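The primary structure of each chain is shown beneath.
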Amino acid sequence: MANRLGTQLFVSRLSFYTNTQELKKWFSPYGVVKEARIIRDSKTLRPKGYAFIRFESEVEAQKAMKAMNGRIVNGKLIFVEVAKTETPAEDAKTTRTIEDSPSGK
DNA sequence: GTTGAGCGTT
């Protein structure tokens with residue numbers, strides 16, 4: 001293993017008017033969004049203001065992170081960062097990207 | 001046009 005970057009992005013300070021569809025719309029051009037999840041409260045069902053974006057590859061996740069980090073969405077500044085507590089690699093085939101990149105042979 | 005640091009819901 002080389003870089004444990006993670007294919008999931010953590011988006012914070014999101015506007016309460018933003019939905020998962022909009023998130024995918026904002027992150028789709030930078031990579032294939034496998035899943036977009038907005039965190040809500042278990043009781044009030046109100047949006048906590050942050051969400052997780054999962055990409056199919058790490059390179060796309062970082063590209064989208066640098067592209068959407070500190071960007072204005074729905075009139076609100078958002079912060080994009082790699083998720084700390086990401087789900088373990090379920091598919092080692094989809095986690096191959098930078099470390100599995102052909103550097104020579 | 002809900003409250004604004006954070007790492008998790010259907």
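In this report, we go over the structure that sits alongside the text. Values in this document were obtained by computation on a predicted structure and should not be read as measured data.

All right, on to helix α2 (residues 58–68) then. Extensive coverage of α2 is indicated by the burial of 8 of its 11 residues. Glu-58, Glu-60, Ala-61, Gln-62, Ala-64, Met-65, Ala-67 and Met-68 are the residues of α2 that are buried. In the core, the buried residues of α2 are packed alongside β1 (8–12), α1 (20–27), β3 (47–55), β4 (71–73) and β5 (76–82). Positive backbone phi, approximately 75°, marks Gly-70, located one or two places after α2.

What follows covers the pairing of strand β2 (residues 33–40). Bridge analysis of β2 against β3 gives 6 bridges, and the strand direction is antiparallel. By the bridge assignment for β3, Ile-38 is matched with Ala-51. Connecting β2 to the antiparallel partner β3 that follows it, the hairpin turn spans 6 residues, and Leu-45 within it adopts a positive phi of roughly 60°.

A word on the protein's contact with DNA strand B. The immediate surroundings of DNA strand B are formed by 24 residues, with Gln-8, Leu-14, Tyr-17, Arg-37 and Lys-48 found nearest. Here, DNA strand B places atoms within 4 Å of the protein, and 25% of those atoms are sugar or phosphate. Take Lys-84: an N or O atom from its main chain is 3.1 Å from a base nitrogen of DNA strand B. Looking at the surface near DNA strand B, the element that brings in the most residues is β3, giving 5 residues.

Enumeration according to the criterion identifies 4 aromatic pairs in this entry. A centroid spacing of 5.2 Å and a plane angle of 45° characterise the contact between Phe-10 and Phe-52, whose relative ring orientation is tilted. With Phe-10 in strand β1 and Phe-52 in strand β3, this residue pair connects regions lying 42 residues apart in the sequence. Ring pairs connect the aromatic residues Phe-10, Tyr-50 and Phe-52, which therefore count as one cluster.

Criteria and cut-off values
Residues numbered from 1 in each chain as written. Chains lettered and ligands numbered in written order. Predicted model: local features only at pLDDT ≥ 70, side-chain atom pairs only at ≥ 80, totals over all residues. Heavy atoms only, no water. Buried < 20%, exposed > 50% of the residue type's maximum accessible area, 1.4 Å probe, protein only. Helix = DSSP H or I, 4+ residues; strand = E, 2+ residues; numbered from the N terminus. Contact = heavy atoms within 4.5 Å. Pairing = 2+ DSSP bridges. Near = heavy atom within 4 Å. Polar contact = N/O pair within 3.5 Å; in protein donor to acceptor, adjacent residues only side chain to side chain. Phe/Tyr/Trp six-rings, centres within 6.5 Å; stacked < 30°, edge-to-face > 60°.

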